[in-house]
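What follows is the residue order along each chain.
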Amino acid sequence: MNRTDGLVRRVKARDTESNGGSSSSAANHADQEDNKVDKEDEMEDCDSKETRLTLMEEVLLLGLKDKEGYTSFWNDCISSGLRGCILIELGLRGRIELERAGMRRKGLCTRKIILKSDTPTGDVLLDEALKHIKETYPPETIQSWIEYLSGETWNPLKIRYQLKNVRERLAKNLVEKGVLTTEKQNFLLFDMTTHPLTDNVIKCRLVKKIQDAVLTKWVNDPQRIGKRMLALILLAHASDVLENAFAPLNDDDYELAMRRVRELLDLDFEAESAKSNANEVIWAVFAAFTK
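Small disclaimer: the values here were computed from a predicted structure and weren't measured. (Residues numbered from 1 in each chain as written. Predicted model: local features only at pLDDT ≥ 70, side-chain atom pairs only at ≥ 80, totals over all residues. Heavy atoms only, no water.)

### What about the pattern of salt bridges?
With the rule as written, the count across this model stands at 13 salt bridges. Arg-228 is paired through a salt bridge with Glu-89; the nearest N and O atoms lie 2.7 Å apart. Placement of the pair is Arg-228 in helix H8 (residues 227–238) and Glu-89 in helix H3 (residues 78–92), with a sequence separation of 139 residues. Judged by its relative accessible area of 5%, Arg-228 is buried. Here Glu-89 falls in the buried class, since its relative accessible area comes to 0%. We note a salt bridge from Lys-106 to Glu-99, for which the minimum N-O separation is 3.4 Å. Glu-99 sits in the buried class, given a relative accessible area of 17%. Through salt bridges with shared partners, one network takes in Glu-89, Arg-93 and Arg-228. (Salt bridge = Lys/Arg side-chain N within 4 Å of Asp/Glu carboxyl O. Helix = DSSP H or I, 4+ residues; strand = E, 2+ residues; numbered from the N terminus. Buried < 20%, exposed > 50% of the residue type's maximum accessible area, 1.4 Å probe, protein only.)

Given below as structure tokens:
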């Protein structure tokens, strides 16, 4: 990736301009991706910017018990699911991409994550993950990064990549956005910080948005479903919290919604990722969770 140095000052200057232009181009591309994400958010959701949520926040909000303010103690999927959300957010924002498939047509699960832009996103968790990806050489696969960011690795050299207290940090973001509040609850042997729901409107809107996507607004083509909505549905399923969005439905709608989710899960992710305008990072994360 590094250019060789020139032998004369003019060549060096040209290289410097080229590298500067490349860096500037990457930053501009990242800005364009951020703007694109904002526009997609506005099309999918009419919330104001103050209440716009990231994928991680939406998945956590689905998993939190409204009054108790914590996720189920039996849910051991949400930790890795939230890390998958982080990678997809970085992919949607133009910060990471997959290496080329090459002549041998490498599968999604074997292709490595490549840094596309190191421009900060403004989100602490995303920027922390982006920093780890930037500093890692040789590059790693999506599956490996989900394990590293979750701390689920036997490699002692990779433990430093673990993102700690992710649920608590996301909950605090939601407190700052006025969606949750903070309380202390006593659980006999220990005290625990909890985050009960304060703004039921935002969660109801999130639940309805998911229900509509698989019912009244269903389109029988995953490429026509918004990328963020597609990611939300499948990562909520991977995090074992999608059931919470479908629980209020009557039996017929519930059965229809689950059937359509299964249709999405049964897709050929490799084929979908090869289609024009597809975001390969999204499909690679899906593939990692259905492996």
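### What about H3?
End to end, H3 covers 20 Å across 15 residues, agreeing with the expected 21 Å (1.5 Å per residue, within 8%). In terms of burial, H3 is a largely internal element, 15 of the 15 residues being buried. Phi for Gly-94, located one or two positions after H3, is positive at around 75 degrees. (Expected span 1.5 Å × (residues − 1).)

### Description of the packing of aromatic side chains
Here the structure, examined in full by the defined rule, presents 7 aromatic pairs. Their ring planes at 20 degrees and their centres at 5.2 Å tell us that Tyr-70 and Phe-73 sit as a pair that is stacked. The class of Tyr-70 is buried, set by a relative accessible area of 14%. Where Trp-283 meets Phe-286, the ring centres are 5.3 Å apart and the plane angle is 85 degrees; that geometry is what we call edge-to-face. With Trp-283 and Phe-286 both in helix H12 (residues 280–289), this residue pair falls 3 residues apart, about one helical turn. Of the two residues, Trp-283 and Phe-286, both sit in the buried class. What links up through ring pairs into an aromatic cluster is the set Trp-145, Tyr-148 and Tyr-161. (Phe/Tyr/Trp six-rings, centres within 6.5 Å; stacked < 30°, edge-to-face > 60°.)

On their own, these measurements won't tell you what the molecule is for.
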